[in-house]
Amino acid sequence: MTHSFIQSVQWKENHLLLLDQNRLPEETRYHKIDTIEEVWKAIRQLTVRGAPAIGITAAYGLYLGVQHLSYGNVPELIEDLKGKAEFLSQARPTAINLRWALMRLLTRAEMDGAHGCSTEEVKAGLLAEALRIQKEDEETCRRIGEHGLTLLKDGMGILTHCNPGSLATAKYGTATAPIYLAREQGMTLKIFIDETRPVLQGARLTAWELMQAGIDSTLICDNMAALVMAKGWVQAVIVGADRVAANGDVANKIGTYGLAILAKAHNIPFYVAAPLSSFDPETPTGEEIPIEERPAEEVTEGFGKRTAPVGMKVYNPAFDITPSSLITAIITEKGILYPDQDGCYGKAIKEILGRKSQTLS
Ligand code: MRU
């Protein structure tokens, strides 16, 4: 059974439309975005969030940043693009997809420039590349779904965290892609969704999109995961990723690390579903991945009212690092990666990234 997915990032009539994910599930409202500054703000303030969706949005943002400006020559345009790409990449530090998408646009501009394109042609190339990144992400997520589906069986209980869903990508999501594909094939899965404190992406977003798709899902508070596992209701955990280091350590939404430990303690496979655009071979291990810290109010006023005394000290990291040794497998669009005997993914990642420039499959 198929259903129509809502597209959180849209390019329509030369405008960027972003579904305001802060307003879900109460309201489905799109914002029309016309400037690079608005794009930066939308990424920073989580209007758009989720690693692949941030990358797609930033790509359109870079185009918007130069669209109406005139340049004397292509090198001048490229110089300006570099500065603007740096500006956008500062909006959020952890998800590598942001930098990845911006790099793709810069490379495209440099190549078009080298081929003698005019400044207007280079700009048109930027938009074409942004549209391509979005289209590719749809196909990438579908492939992640196909590979992930091979790990699932009818009737399984799956626990997921944050929103690694359709809203966070062009379509299908990463960790949710096998779930959507299982549904297409008539399989019945029971999904448990962590509410995901403090911003509640699980409760507000994953619950919303899985409900819309008619998928059997149950919302739990983060601190209920251990009990749900102990009861034998979970046969696999599948989460997304914001960055995968060269050794397979994974940065993902805060709470992922704890879940991986719980999964290990209960002998439950722990899978990470991530496109190759989330892999960062330049960062050797999770220790070097920058972890975003967010405003204290997300913790103290997260429910629209104060839930802690005024002036309380707060620590609010948006992500944590799950060591590769706790990850059973990483599901990518090009296949499933398994660790070496030492629990490290270094070899498998090197191998698959070596194939990255070839066609999908
Ligand atoms: O802070 P967010 O909402 O952008 O965090 C998102 C996550 O951690 C997701 O798990 C991740 O981006 C998965 S990618 C589909």
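As a starting point, this report considers the structure included with it. Residue numbers run consecutively from 1 along every chain, following the written order of its sequence. Local features are withheld for residues below a pLDDT of 70 in this predicted model, meaning they are given only at 70 or higher, and side-chain atom pairs are given and counted only at 80 or more; totals for whole chains, interfaces and linings count all residues. Hydrogens and waters are ignored; side-chain quantities use all the structure's heavy atoms.

Structural notes on empty space enclosed by the protein
In this approach the atoms are scanned with a rolling probe the size of a water molecule, which exposes any empty space left behind.
Working step 1: Of the two site types, the cavity is a set of points on a 1 Å grid over the protein atoms alone where a 1.4 Å probe fits but cannot get out, and the pocket is an open set with protein on both sides within 12 Å along at least five of seven lines, each lined by residues with an atom within 4 Å of a point. Grid points are joined across faces, edges and corners, and a volume is the space filled by probe spheres set on the points. Applying the stated rule across the entire model yields three cavities of 30 Å³ or more.
Working step 2: A volume near 180 Å³ is recorded for the largest cavity.
Working step 3: Going through the elements one at a time, helix H2 (51-66) and strand S9 (250-253) are the ones with two or more residues in the lining of the largest cavity.
Working step 4: When residues are grouped by polarity, Ala, Val, Leu, Ile, Met, Phe, Trp, Tyr, Cys and Pro land in nonpolar, Asp, Glu, Lys and Arg in charged, and all others, Gly among them, in polar. Each residue belonging to the lining of the largest cavity can be placed in one class, and the counts come to eight nonpolar, eight polar and four charged.
Working step 5: Domain extents, as shown, originate in an automatic or database domain assignment. Each of domain 1 (9-140) and domain 2 (142-360) accounts for three or more of the residues forming the lining of the largest cavity. Only DSSP runs of H or I covering at least 4 residues are called helices, and only runs of E covering at least 2 are called strands; the numbering of each starts at the N terminus.

A closer look at the environment of Leu64
Working step 1: Mapped onto the elements, Leu64 comes out in helix H2.
Working step 2: Under the scheme applied here, a residue whose accessible area is under 20% of the maximum for its type counts as buried, over 50% as exposed, and between as partly exposed, the area being computed with a 1.4 Å probe on protein chains only. Judged by relative accessible area, which is 7%, Leu64 ranks as buried.
Working step 3: Distance in space between the C-alpha atoms of Leu64 and Asn14 is 9.3 Å, their sequence separation being 50 residues.
Working step 4: Between two residues, a contact is recorded if the distance between any of their heavy atoms is within 4.5 Å. Setting aside residues no more than four positions away along its own chain, Leu64 makes contact with Trp11, Leu16, Ile33, Asp34, Thr35, Ile36 and Val39.

So, helix H4 (residues 96-114)
Working step 1: Compared with the 27 Å implied by 1.5 Å per residue over 19 residues, the 27 Å span of H4 between its first and last C-alpha is a close match.
Working step 2: Buried within H4 we find Ile96, Asn97, Leu98, Ala101, Leu102, Arg104, Leu105, Leu106, Ala109 and Asp112.
Working step 3: The elements touched by buried residues of H4 are helix H1 (36-44), H2, helix H3 (74-89), helix H5 (119-149), strand S8 (243-245) and strand S11 (279-280). To estimate the expected span of a helix, count its residues, drop one, and scale the result by 1.5 Å.

Things to note about the pattern of salt bridges
Working step 1: Throughout this description, the term salt bridge denotes a Lys or Arg side-chain nitrogen within 4 Å of a carboxyl oxygen of Asp or Glu. On inspection of all chains with the given rule, the structure shows 25 salt bridges.
Working step 2: With a closest N to O distance of 2.9 Å, Glu129 and Arg104 form a salt bridge. Within this pair, whereas Glu129 is found in helix H5, its partner Arg104 is found in helix H4, the two being separated by 25 residues in sequence. Arg104 carries the same exposure label as Glu129, and that label is buried.
Working step 3: Where Arg243 meets Asp280, a salt bridge forms, and the shortest distance between an N and an O atom there is 2.7 Å. A residue pair is termed long-range when its members are at least 10 positions apart, and Arg243 in strand S8 and Asp280 in strand S11 qualify at 37 residues.
Working step 4: Overlapping salt bridges bring together Arg104, Arg108, Asp112, Glu129, Arg132 and Glu136 as one network.

Quick notes on the nonpolar core
Working step 1: Joining through side-chain atoms within 4.5 Å is the link that ties buried Ala, Val, Leu, Ile, Met, Phe, Trp, Tyr and Cys residues into a set, and such a set is a nonpolar core. Counting residues in hydrophobic clusters, the biggest one holds 42 residues, and the most contacted among them are Val9, Leu16, Ile43, Tyr60 and Leu81.
Working step 2: Broken down by secondary-structure element, the contributors of at least two residues to this core are strand S1 (9-12), strand S2 (15-19), H1, H2, H3, H4 and H5.
Working step 3: The element that contributes the greatest number of residues to this core is H2, accounting for eleven residues.
Working step 4: Aside from chain neighbours lying at most four places away, what touches Val9 is Leu16, Leu17, Leu18, Val48, Ala53, Ile56, Thr57, Tyr60 and Gln134.
Working step 5: Ile220, Ile268, Phe270 and Ile349 belong to the second largest nonpolar core, which has 29 residues in total.

Description of the site of the ligand
Working step 1: Neighbouring residues of the ligand: 17 residues in total, closest Arg49, Arg92, Asp242, Asn252 and Lys253.
Working step 2: In the model, an oxygen atom of the ligand is placed 2.9 Å from a nitrogen or oxygen of the Gln201 side chain.
Working step 3: Between the ligand and Asp242 there is a distance of 2.8 Å, counted from an oxygen atom to a side-chain nitrogen or oxygen.
Working step 4: To measure how exposed things are, a 1.4 Å probe is used in the Shrake-Rupley method; for residues, cover is taken only from the protein chains shown. If the ligand stood free it would expose 420 Å²; the protein chains cover 100% of that surface.
Working step 5: Any molecule with more than half of its atoms within 2 Å of a cavity's or pocket's grid points is regarded as sitting in that cavity or pocket. Judged by its atoms lying within 2 Å of the grid points, the ligand is housed in the largest cavity.
Working step 6: Within the residue set of the shell around the ligand, elements represented by two or more residues are H2 and S9.
Working step 7: Broken down by class, the residue content of the shell around the ligand amounts to seven nonpolar, six polar and four charged.
Working step 8: Both domains that furnish three or more residues to the shell around the ligand are identified here as domain 1 (9-140) and domain 2 (142-360). Proximity criterion: a residue is near a molecule or strand once any of its heavy atoms comes within 4 Å of it. For this analysis, a polar contact is any N or O atom pair within 3.5 Å, provided that within protein one partner can donate a hydrogen and the other can accept it, and provided that sequence-adjacent residues contribute only side-chain to side-chain pairs.

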